[in-house]
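The primary structure of each chain is shown beneath.
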Amino acid sequence: MSGLPPRFEYKISLGQNFLFDEGLLNRLVEASGVREGDRVLEIGAGRGDLTLALASRGALVTAVEIDERLIPVLNERLRDMSNVDIVAGDIMALDMKALMGHGEPCQVVANLPYYLTTPILLRLLKGNLPIESLNVMVQREAAERLLAGPGSRDYGPLAVLAAYRGKPDVAFEVPAHYFTPPPKVDSVFIAMPFYEIKPNIPHDEGLFFRVVQSAFAMRRKTLANNLAAAFSLSRTLAVEYLDRAGLPESIRGERTTLEEYVALADILAETLGLESPLS
Ligand code: SAM
């Protein structure tokens, strides 16, 4: 009994690759460190098997699913679970803070729809959300972009923002045959506890995000050139800011560390603040 409507057609466009193996689902919950009473946001509930595994641990689960066909399936399969709240909708359009219970610490656990991995992760990493840990199944190349260090080909905004928020790690790899239908890519389950107190804190977080994003806007350009373009600065001024952050003129975004991005954003915050006619 699949619990799915007869002749259910998986929508590849929605990243529907479901997990049915109970042993694997329990391993995902275990690796996420979810305990009784924890608040959990699950993104993309599908047929609800991961939801069920989480709820069986006594977690308070809010499970979001976009596919209207699956909402009656979820309601039926989880009807005996008073600790589950099913929300029909698009995770990119919903208010994440409200889904997380307005400020209570929350764990995010998801077998993500792969077509949305990067936008979802960026939203979770950039939003000022009460996340305690982020535990997600992603395609291998996304895992590499999350875990990359400066100087590596995969280093970019995702890696900088992940290092800013916490410590991502590969919990384990999951072969394609565990999924129905099997995806064409390799999958990795990432467990990432968020820092309670971040070791690097910029004065202006929004500006820090802009600096990081702009550093990788044109990969073949230097950080000075990308910065000048993004903030409408002369190249000379951009080089001067780099110098004040202790960075050489020739440095590129992919070689700049988190600490250096924070230092650079702080110099920009200070200078732009001073230059503002209203300040
Ligand atoms: N959690 C289930 C499991 O592990 O078997 C399903 C995981 S499946 C990889 C991803 C799920 O995300 C699908 O059910 C899909 O319909 C849903 N989904 C896709 N885009 C979504 C969006 N924008 N918002 C919410 N759910 C979405």
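Everything below is about the structure shown above.
None of the values given here were measured: they were computed from a predicted structure.

**Student:** Any details on the environment of Leu 125? Residues and values, ideally.
**Tutor:** For Leu 125, the location among the structural elements is in helix 5 (residues 117-126). Among residues more than four places away in sequence, those in contact with Leu 125 are Leu 134, Leu 146, Leu 158, Leu 161, Ala 162, Arg 165, Met 192, Phe 194 and Phe 209.

**Student:** Could you give me a rundown of the packing of helix 5 against helix 7 (residues 157-165), with the residues and numbers involved?
**Tutor:** What describes two packed helices is the angle between their axes and the distance between those same axes. Between helix 5 and helix 7, the shortest axis-to-axis distance is 10 Å and the interhelical angle comes to 35 degrees. As for the relative orientation of helix 5 and helix 7, their crossing is left-handed in sense. Across the interface between the two elements, Thr 118, Leu 121, Leu 122, Leu 125 and Lys 126 of helix 5 pack against Leu 158, Leu 161, Ala 162 and Arg 165 of helix 7. Classifying every residue of the contact of helix 5 with helix 7 gives six nonpolar, one polar and two charged.

**Student:** Which residues make up the packing of helix 8 (residues 205-215) against helix 9 (residues 223-231), and what values do they have?
**Tutor:** Contact geometry for helix 8 and helix 9: axes closest at 8 Å, N-to-C directions at 125 degrees. Classed by the angle they form, the pair helix 8 and helix 9 counts as oblique. The two elements helix 8 and helix 9 meet at a crossing, and its hand is right-handed. Seen from helix 8, the contacting residues are Leu 207, Arg 210, Val 211, Ser 214 and Ala 215; seen from helix 9, they are Leu 223, Asn 226, Leu 227, Ala 230 and Phe 231. A per-class count over the contact of helix 8 with helix 9 returns seven nonpolar, two polar and one charged.

**Student:** Explain the packing of aromatic side chains residue by residue, including any values.
**Tutor:** Here the structure, examined in full by the defined rule, presents nine aromatic pairs. Consider the rings of Tyr 164 and Phe 208, whose centres lie 4.8 Å apart with planes at 55 degrees: the pair is tilted. Here Phe 208 lies in helix 8 and Tyr 164 lies in helix 7, a separation of 44 residues in the sequence. Both residues of the pair, Tyr 164 and Phe 208, count as buried. For the pair Phe 208 and Phe 209, a centre-to-centre distance of 5.7 Å together with 45 degrees between the ring planes defines the contact as tilted. In this structure Phe 209 comes out as buried when scored by relative accessible area, which is 11%. Among the aromatic residues, those joined into a ring-pair cluster are Phe 8, Tyr 10 and Phe 18.

Parameters and conventions
- Residues numbered from 1 in each chain as written.
- Predicted model: local features only at pLDDT ≥ 70, side-chain atom pairs only at ≥ 80, totals over all residues.
- Heavy atoms only, no water.
- Helix = DSSP H or I, 4+ residues; strand = E, 2+ residues; numbered from the N terminus.
- Contact = heavy atoms within 4.5 Å.
- Axes fitted to C-alpha atoms, helices over the stretch in contact; angles between N-to-C directions.
- Left-handed = near helix turned anticlockwise from the far one by under 90°.
- Nonpolar A, V, L, I, M, F, W, Y, C, P; charged D, E, K, R; others polar.
- Parallel < 35°, antiparallel > 145°, perpendicular 65-115°, else oblique.
- Phe/Tyr/Trp six-rings, centres within 6.5 Å; stacked < 30°, edge-to-face > 60°.
- Buried < 20%, exposed > 50% of the residue type's maximum accessible area, 1.4 Å probe, protein only.

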